[in-house]
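What follows is each chain in one-letter form.
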Amino acid sequence: MELSLSDGLFRKFSDMVYEHCGINLHDGKKALLQARLNKRLRVTKVTSYEDYYRYLTNPHNDGELTHFLDCISTNLTYFFRESQHFDFLKQKLLPELIELKRKSRTNRIRIWSAGCSTGEEPYSLAMYFASQIEDLPKWDLRILATDISTRVLAVASKGIYSRSKIAGIPESMRRSYFQPCCRDKDCSDFQIVSPIRNLTTFRRLNLKDPYPFKGPFDFIFCRNVMIYFDKQTQEALIQRMASYLDTGGYLFVGHAESLTGLNHPLSYVRPAVYRK
Ligand SMILES: C[S@@+](CC[C@H](N)C(=O)[O-])C[C@H]1O[C@@H](n2cnc3c(N)ncnc32)[C@H](O)[C@@H]1O
């Protein structure tokens, strides 16, 4: 029997999601919420949405909130997504950064992938920097990768991807930075090699919560995350991220996102790139 979700209960769930992680489930998202709730109902063996709401808000079941938020977030991602950003890094930003660091006699490079999903974004950055910086071992390069979802972080920290997921990566990079997970020549899973994995640290972080680090970061990538937030949450997030950027540092957002109409201290550089 198909369950029905009343408008009142839909609003209770959507208010809760908004309050906890800033994701804005407007009226058009009711069918999506229902589909995702059905998954949790099957796992928890709760038989109605009302009972599930009670279960979720019962302080004895506080672990369920993490599972519920895991279920709500949209995690689509892929390697070298929005390649214009990587082209811009190669042509302009990386040479500029290396020059600047050499002049200021520091070898510290810090990057934050905020909303990293299953890891394709931070690993693309790690592979990109490893391939572009000849004397990499001399640099103190760290990539912090955070997400609210423990499910995606578990995938990310293993760094294992199927053949089809890595198919779009240039062959030279695939050969240098992935190893097959088995000896079989038709092996279908490949793991990112440890020197690349070691550049990256994965942590659970809700972007609405206080940040347990100081920065400053040279680059922050927060792409295809804000799109799920309303203007007010977006503005607060951008202002906060700006304070974690080094002076002259860059913020990258998704090309479907824009900071137009938001109050923030960054300068527009080119579509989806801003500078402090
Ligand atoms: C569509 S993915 C984008 C992944 C990657 N940045 C990219 O562009 O390919 C959005 C990610 O943001 C995460 N996310 C959503 N709300 C969040 C929040 N409040 N705090 C941290 N991560 C959040 C989701 O769990 C999801 O993994």
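Since we're looking at a predicted model, the values are computed, not measured.

Conventions adopted
- Residues numbered from 1 in each chain as written.
- Predicted model: local features only at pLDDT ≥ 70, side-chain atom pairs only at ≥ 80, totals over all residues.
- Heavy atoms only, no water.
- Near = heavy atom within 4 Å.
- Polar contact = N/O pair within 3.5 Å; in protein donor to acceptor, adjacent residues only side chain to side chain.
- Areas by Shrake-Rupley, 256 points an atom, 1.4 Å probe, with all protein chains shown as cover.
- Pairing = 2+ DSSP bridges.
- Helix = DSSP H or I, 4+ residues; strand = E, 2+ residues; numbered from the N terminus.
- Axes fitted to C-alpha atoms, helices over the stretch in contact; angles between N-to-C directions.
- Buried < 20%, exposed > 50% of the residue type's maximum accessible area, 1.4 Å probe, protein only.
- Right-handed = clockwise from strand over helix to strand, strands pointing away.
- Domains from an automatic or database assignment.
- Contact = heavy atoms within 4.5 Å.
- Buried area = accessible area lost by both parts, 1.4 Å probe.
- Salt bridge = Lys/Arg side-chain N within 4 Å of Asp/Glu carboxyl O.
- Arc of directions from axis to C-beta.

A. Structural context of the site of the ligand. Around the ligand, the structure places 21 residues, and the nearest of them are T77, R81, G115, D147 and N224. Here E121 contributes a side-chain N or O atom positioned 3.1 Å from a nitrogen atom of the ligand. Relative to its unbound accessible surface of 610 Å², the ligand loses 99% to contact with the protein.

B. Examining the sheet that holds strand β3 (residues 160-162) more closely. Spatially, the 3 strands line up as an open sheet ordered β3-β5-β4, and their pairing is antiparallel. Of all the strands in the sheet, just β3 and β4 (178-180) have a single pairing partner and so form its edges. Strand-to-strand twist in this sheet, taken as the mean axis angle between neighbours without regard to direction, amounts to 35°. Two strands pair when backbone bridges link them, and β4 and strand β5 (residues 189-192) are joined in this way by 3 bridges, in the antiparallel orientation. Across the sheet, residue Q179 finds its bridge partner in β5, namely Q191.

C. The pairing of strand β1 (residues 108-114), seen in detail. Extensive coverage of β1 is indicated by the burial of 6 of its 7 residues. Where β1 meets strand β2 (residues 140-147), 7 bridges bridge the pair, whose relative direction is parallel. Within β2, the position partnered with A114 by the bridge is T146. The parallel pair β1 and β2 is bridged by helix α6 (residues 120-132), and the resulting crossover is right-handed. Relative to strand β7 (residues 217-222), β1 runs parallel, the two being bridged by 3 bridges. Within the sheet, the bridge partner assigned to S113 lies in β7 and is F221.

D. Structural view of the domain arrangement of the protein chain. Here the protein chain is described as being made up of domain 1 (7-72) and domain 2 (83-160 + 197-275). If you average the C-alpha positions of domain 1 and of domain 2, the two centres end up 30 Å apart. Listed as interface residues are 10 residues of domain 1 and, on the opposing side, 12 residues of domain 2. When the two sides are added together, the surface that domain 1 and domain 2 hide from each other amounts to roughly 950 Å², 45% of it contributed by carbon and sulfur. Across the domain 1-domain 2 interface, the total number found is 0 salt bridges.

E. Inspection of helix α3 (residues 49-57) at higher detail. Of the positions making up α3, those classed as buried are Y49, Y52, Y53 and L56. Looking down the long axis of α3, one finds its buried residues gathered within 105° of arc, a one-sided arrangement. In this structure, the buried residues of α3 make contact with α1 (7-21), α2 (30-44) and α4 (63-72).

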